[in-house]
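# A closer look at the structure
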Amino acid sequence: MAWRTVPPEQPPNTQSALDGVAVVSARDAWAVGNVNIGGGTLIEHWDGTGWTIAPSPLVSGSINSTDLGDVAAVSGDDVWAVGSNHGGQGTLVEHWNGSSWSLVAAPDPTQIQPSLAAVAAVGRNDVWAVGSFGNPGGIIPYSTLAEHWDGQRWKVVSSPNQNFSSLLTGVAAVSANDVWAVGFTQNIDTIVVGILIEHWDGAHCTVVPGPSPRIQPTLEAVSAIATDDVWAVGGRSDDSGACVPLIEHWNGSRWSQIPAPDGVGCLSDVHAVSSQDVWAVGSGPLGFQGGTILHCDGSSWSVAPDPSVGSLAGVGAVPAH
């Protein structure tokens, strides 16, 4: 089956972007993002035939300067979206209960650019969100931010940092005791110097070593199939300055870098349907418009034809049964 473009509903007189997608079923999917480049949240719903804009709650005092970066679905009446509130300088968490979206309070470690970049759900009482927050200083060093929903409230979970700055950009859960988060680290000049992989074992979050190729490597997203089968994707710069894919895999004992196809750009998201069916999306190669779609059949990655006219930020699939 070939990919085809399905236009979402476009808010009038705006520049909008969708950054995350979650699929409940073939007739129930959500996509989130922003309008006017962070001017306000955007939530759209797929009912099996088309996309429609869903009302998104306003954040008091934000001058509607908010955006949503990711979304995760537990069920049709339990969906979470996370992002940032630039106007109020705080994290942003929204929840769908089957009939409407509402704001849910989440802690802010500081008032310096806290944001949540990704969310993953184990169950109704077990949801994770990750991101970063700034610390006081002339040049802002960032620290990792991990938060957990226990069915009653969100609370910060201690997560380690490396180098001058550390940021988490993706999260995925195998179970309550097996959660992965990925991101990258920066030096004092805010230059990316390495990838960052962290693991939650039910009690503690620790850094797990992984291959970190030279020239600004980042991991942007992670998807977990099983305890011994986890994929992470992102990008790195090659010698010419072009952004090329970075793909890494966890086999239960170590992370390894997996060869990626030539001629495509950095990757922004990954979704594993099964060990023989993994998809990753991102941007086109330097100097070319369009996006990138890659597929792994369990043995190697290949390029899938891409009908889009722009980069792709998120990917999801109907859950396997």
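Further up the page is the structure itself.
Now for a quick tour of the structure. (Residues numbered from 1 in each chain as written. Predicted model: local features only at pLDDT ≥ 70, side-chain atom pairs only at ≥ 80, totals over all residues. Heavy atoms only, no water.)

Below, the discussion takes up the nonpolar core. Formed by 14 residues in total, the largest nonpolar core has its most connected members in Trp180, Ile197, Leu219, Val222, Val230 and Trp255. Take this core: its biggest share by element is three residues, from strand β17 (residues 218-226). With near-sequence residues (within four places) excluded, Val222 lies in contact with Gly170, Val171, Ala172, Trp180, Val182, Val230, Trp231, Ala232 and Val270. (Core = buried A, V, L, I, M, F, W, Y, C linked by side-chain atoms within 4.5 Å. Buried < 20%, exposed > 50% of the residue type's maximum accessible area, 1.4 Å probe, protein only. Helix = DSSP H or I, 4+ residues; strand = E, 2+ residues; numbered from the N terminus. Contact = heavy atoms within 4.5 Å.)

A few words on the state of the cysteines. On inspection of all chains with the given rule, the structure shows one disulfide. Between the sulfur of Cys243 and that of Cys266 lies a disulfide, 1.2 Å long from S to S. Residues Cys243 and Cys266 share a disulfide whose torsion about the S-S bond is about -80°; that sign makes it left-handed. With Cys243 in strand β19 (residues 243-250) and Cys266 in the loop between β20 (255-258) and β21 (267-274), this residue pair connects regions lying 23 residues apart in the sequence. (Disulfide = S-S within 2.5 Å.)

In this section: the packing of aromatic side chains. On inspection of all chains with the given rule, the structure shows 13 aromatic pairs. Their ring planes at 55° and their centres at 4.9 Å tell us that Trp80 and Trp149 sit as a pair that is tilted. In this pair, Trp80 sits in strand β6 (residues 78-85) while Trp149 sits in strand β11 (residues 142-149), placing the two residues 69 residues apart along the sequence. Judged by its relative accessible area of 2%, Trp80 falls in the buried class. (Phe/Tyr/Trp six-rings, centres within 6.5 Å; stacked < 30°, edge-to-face > 60°.)

This part takes up the sheet that holds β20. Strand order in the open sheet made by the four strands is β17-β18-β19-β20, with antiparallel pairing throughout. Only two strands of the sheet have a single partner each, and these edge strands are β17 and β20. In this sheet, neighbouring strand axes are inclined to one another by 25° on average, regardless of whether the strands run parallel or antiparallel. (Pairing = 2+ DSSP bridges. Axes fitted to C-alpha atoms, helices over the stretch in contact; angles between N-to-C directions.)

Our focus in this paragraph is the pattern of salt bridges. The tally for this structure, following the rule as stated, stands at three salt bridges. A salt bridge links Arg124 to Asp77; the shortest N-O distance between them is 2.6 Å. A residue pair is termed long-range when its members are at least 10 positions apart, and Arg124 in the loop between β9 (115-123) and β10 (126-134) and Asp77 in the loop between β5 (66-75) and β6 qualify at 47 residues. Measuring nitrogen to oxygen at the nearest pair gives 3.4 Å for the salt bridge that ties Arg124 to Asp78. Within this pair, whereas Arg124 is found in the loop between β9 and β10, its partner Asp78 is found in strand β6, the two being separated by 46 residues in sequence. Residue Arg124 is classed as partly exposed on the basis of its relative accessible area of 43%. Three or more residues joined by partner-sharing salt bridges are found here, namely Asp77, Asp78 and Arg124. (Salt bridge = Lys/Arg side-chain N within 4 Å of Asp/Glu carboxyl O.)

Within the secondary structure layout, Ser165 lies in strand β13 (residues 165-175). As for Ser165 and Ser268, which are separated by 103 residues in sequence, their C-alpha atoms are 20 Å apart. Those residues within four positions of Ser165 in sequence are excluded, and the remaining contacts are Ile140, Pro141, Tyr142, Phe184, Thr185 and Gln186. A polar contact is formed between the side chain of Ser165 and the backbone nitrogen of Tyr142, at a distance of 2.7 Å. (Polar contact = N/O pair within 3.5 Å; in protein donor to acceptor, adjacent residues only side chain to side chain.)

Moving on, we come to the sheet that holds strand β12 (residues 154-157). The sheet built from four strands is open, its strands ordered β9-β10-β11-β12 with antiparallel pairing. On the outer flanks of this sheet lie β9 and β12, each paired with one strand and no other. With strand direction ignored, the average angle separating the axes of adjacent strands in the sheet is 25°. Where β11 and β12 come together, four bridges link them in antiparallel fashion. If you follow Ala146 over to β12, its bridge partner there is Val157.

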